[in-house]
Amino acid sequence: MARFAAGKAPFLRTTDHPSQGTRIIMRDFMIGLSPIILFAWYKNGIQVWLDGNNTFLEMLYPLIFILLGGFISMIMEGIFFYITDPQVRTLKALMPKLSSSFALIPGLLLAMVLPLYTPIWVLIFGCFVGTIVGKMLFGGFGHNIFNPALLGYVAVGFTLLGVINAAGGVFNQSEVLVDAYAGATPLSSLLVNRVIGYDQLVTPYGSLWNFFFGTIPGALAETSAFAILLAYAWFVYRKVIKWFTPVIYVGTVFVVSWVLGMVLGDGGLWFPTYSILTGGLFFGAVLMATEPVTSPKNPLGKVFNALFLGVLTVLFRYVGNFPEGVGTSIIVMNLFAMPLDRFTAIIRIDGLKKSSIIKLAILIVFIILIAVYAIVKANGMYTIGGSL
Amino acid sequence: MKSFFQKNHLILIFTSLLVLIFVVGGVYSRFMTRQITFHQFKDMVPDMTQLVEFTPSATVDSEILGEDTTLVASYEVYQGTELVSYVFVIETVGKMKELQIAYAIDVETDQVISVKVVQTKETPEYFARLTTAFYNQFTNYSLDRLNITVDAISGATMSSDAFKVALTYARLQYALLTDFVIPSALVLVESVRYNTDFATLNGKPLIATIYDVAQDQTMDVYLTGGFDFVEVLTPGTTAPSVAAIAELKASAARDFATFGRVFATSFNTETNALVVRTRGYSGFITVSMQIKSDYSAVTSLTDIVSFESYYDGGYQTRGEAPGLETYLFNRYFNEQSIDATAGATYTYQGMTALFDYLTLLFTSSNGGE
């Protein structure tokens, strides 16, 4: 009979990590993030510096910004612990709390998904919303409903996007010189022009290889699918995340986008490939959809969570007014993590009974309905682009 | 105090760190923002060392170009400590809204140095038709001219026009900031037409309707084939000033160039000898002829002077110039059909334009028959 754990996540299999528990996860997580952070620094700092388009101080900014995000998050959590718990008012008592609480992560991830020219005070605001509002006020690590980094991201995106754009926006010092970009990222270009065509969406940014390696305009660390795949391989190897959640999430977006392209009149594989390589989908799928606290705990729940994320991302991206769709989808599914977990857990317990098959069918019908609605709705909103 | 610090040192350190990050980070962010603007426009002005954003004390009245065209940002560009140019970022409407175009204007020469599209939501496939040649027309574009003109690109007319509107705004803004004076019109050329009156045709093949701004009067004037002013046609009006006449020639030549392609250079009312020039491939083809005394048709071909070059595949069989021209004229004279001549397209087009012109002269002087 299947056994289920209760209480706050993550649940560690002690045979995998016999000695240190959450600290191991923290270490593995940081190792996994390092190629993504380094690529973000390379693309927005070092490469631009080598091109002669920025100064040394500007070159350092992307790295400092990302690390600062983690640091700010940690300080805020430290202040929160200090105020709310009289037992942790010394550094010696505080550090283990911060470590086991993954205090660094929300700010770090938040900084990675923000545009390069986000003012530091906006980052502080985002860290406050993510760490204090999204995490600590819910009871701290393991009790939060929403992914803290994403909550900070959504708060910043909804309230201070104009400030970020006025401060310089998303393009680095080399990218502002590229006339072909015309001030638009691949997804904002789609949103503005509502034209689906390789020449319109891909050609201005090079080829789909540029999308894969991440040398396209976008938020600091979310553009490189390649770097994120390295992190993914490491996380799976170290069993930090379940391998199938990102695969199903990305796969669903690929398939639904492909069908959408076919319905619109362009059945080329370039469009679903473009869909999965833009808007931080890989970043969200590997680093946020797999977050143990805010996603379902049992494997079947994770599968359905990923399927829902896939269809919702297509819906929000191609029907909604915000181009990326990933962050919104994950936040929405955070809300449904607990009921989905319970629902799928019952299905697992019941096995292949009539009642569980009906429950399964209900979930599948929901997913198909969202996908069909997204495709039908988007069908009238886009035109197929011709060759330039 | 000491005990307070000892008791609360951790929270004080954390708070101080947060404040420090806020202040130093704020300075760092501001630096980055200033730098990105510098990087964005640094290729617009050679040897730019400093770009300073400023708010102009006066901006262009929104009634002039409409509320859709606005100034987004203004920058002073320095080379060392010397102010060398201004950069104006203008937002206007092309096919879509929010088209932002930056113009860099040299303060010494009053010329546009360069243009840059800062932001566009135009349809990509049409906007891509604005080629390098289109943008190059703004290089060293003097603002010291009567009208802002931009050569529009077929298929991207609305986008092209947006560049014109934005440049007009930039010039107005530039004039508000500096001692630059926008030239005002001395004369407006409203239309040009052929003079079809054989009595006055000699030396006066064109008639222009103009508005003399200074004298506030509209009049018809005779022009030569080269758009030079000859005399006033409208009784009771005073001739334009010398400056206005010069402007008239330039304006007519620019806006009514098709009239300069074919025209009568002379007509002798006593002998009925008519000389007409038309543009071929290698300059003008001059055709001299005799016409009937009632100005209804050609009676004979006198001479054709042509410098057209030969092309073996085309009119080699007609002999050297003006072989083809003579052949075509004879077909016109004999009222035979005139087919396009492969390999001599420009010559053919020049000659058919001449025939059309002759037809216009003859029919107009005979009541349109």
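Please read these numbers as outputs of a predicted model, since none were measured by experiment. (Residues numbered from 1 in each chain as written. Chains lettered and ligands numbered in written order. Predicted model: local features only at pLDDT ≥ 70, side-chain atom pairs only at ≥ 80, totals over all residues. Heavy atoms only, no water.)

**Q** Mind showing me how you'd approach empty space enclosed by the protein here?
**A** By rolling a water-sized probe across the atoms, one finds the places where empty space is left. Residue and element names in this part refer to chain A. Scanning the model with the defined rule gives three cavities of 30 Å³ or more in all. Taken as a whole, the largest cavity encloses approximately 90 Å³ of empty space. Lining the largest cavity are 13 residues, with Val113, Tyr153, Glu222, Glu324 and Gly327 positioned closest to its centre. Among the residues making up the lining of the largest cavity, the classes are represented as seven nonpolar, four polar and two charged. (1 Å grid on protein atoms, 1.4 Å probe; cavity = no way out; pocket = protein on both sides within 12 Å on 5 of 7 lines; lining within 4 Å. Points joined across faces, edges and corners; volume = space filled by probe spheres on them. Nonpolar A, V, L, I, M, F, W, Y, C, P; charged D, E, K, R; others polar.)

**Q** Where do I start with the nonpolar core in this structure?
**A** In summary, soluble globular proteins display a tendency toward joint burial of nonpolar side chains. Residues and elements named next belong to chain A. Ranked by internal contacts, the top residues of the largest apolar core, which has 133 residues, are Ile36, Leu109, Tyr249 and Tyr274. Per-element tally for this core: the top contributor is helix H2 (residues 56-84), with 13 residues. When residues of this core are assigned to domains, at least three map to each of domain 1 (22-166) and domain 2 (185-217 + 241-384). Discounting chain neighbours no more than four positions away, the residues touching leucine 109 are Phe29, Leu33, Ala149, Phe283, Leu287 and Met288. (Core = buried A, V, L, I, M, F, W, Y, C linked by side-chain atoms within 4.5 Å. Buried < 20%, exposed > 50% of the residue type's maximum accessible area, 1.4 Å probe, protein only. Helix = DSSP H or I, 4+ residues; strand = E, 2+ residues; numbered from the N terminus. Domains from an automatic or database assignment. Contact = heavy atoms within 4.5 Å.)

**Q** Teacher, can you tell me more about the packing of H2 of chain A against helix H1 (residues 2-41) of chain B here?
**A** Between two packed helices, both the angle of their axes relative to each other and the distance between the axes serve to describe the pair. Look at H2 of chain A against H1 of chain B: their axes get within 10 Å of each other, and the N-to-C directions meet at 155 degrees. Between H2 of chain A and H1 of chain B, the crossing angle belongs to the class labelled roughly antiparallel. Here the hand of the crossing between H2 of chain A and H1 of chain B comes out left-handed. When grouped by side-chain class, the residues that make up the contact of H2 of chain A with H1 of chain B number 21 nonpolar, six polar and two charged. (Axes fitted to C-alpha atoms, helices over the stretch in contact; angles between N-to-C directions. Parallel < 35°, antiparallel > 145°, perpendicular 65-115°, else oblique. Left-handed = near helix turned anticlockwise from the far one by under 90°.)

**Q** What exactly am I supposed to notice about the interface of chain B and chain A here?
**A** Many descriptions give the size of an interface as the accessible area lost when the pieces come together. The interface is formed by 32 residues belonging to chain B together with 44 residues belonging to chain A. Carbon and sulfur atoms make up 74% of the area that chain B and chain A hide from each other, which totals about 3100 Å². Together, Phe14, Tyr28 and Met32 of chain B form the three largest contributors to the area buried by chain B at its contact with chain A, with a combined 20%. The interface formed by chain B and chain A includes zero salt bridges. Scanning the region where chain B abuts chain A turns up nine residue pairs in polar contact (both at pLDDT 80 or more). Elements supplying a minimum of two residues to the side of chain B that touches chain A: H1, strand S5 (111-119) and helix H3 (124-127) of chain B. When residues in the side of chain B that touches chain A are grouped by element, the largest group, 21 residues, is from H1 of chain B. The class makeup of the residues in the side of chain B that touches chain A is 13 nonpolar, twelve polar and seven charged. (Buried area = accessible area lost by both parts, 1.4 Å probe. Salt bridge = Lys/Arg side-chain N within 4 Å of Asp/Glu carboxyl O. Polar contact = N/O pair within 3.5 Å; in protein donor to acceptor, adjacent residues only side chain to side chain.)

**Q** In this structure, what is going on with unusual backbone geometry? I would like to understand it.
**A** Residues other than glycine predominantly adopt negative phi, and peptide bonds predominantly adopt the trans conformation. Residues and elements named next belong to chain B. One non-glycine residue, aspartate 47, adopts positive backbone phi at about 60 degrees. Relative to the helices and strands, aspartate 47 resides in the loop between H1 and strand S1 (50-54). We classify aspartate 47 as exposed; its relative accessible area is 63%. One non-glycine residue with positive phi stands out, namely asparagine 272, at about 60 degrees. Here asparagine 272 shows up in the loop between strand S11 (262-268) and strand S12 (273-279). The class for asparagine 272 is buried, based on a relative accessible area of 12%.

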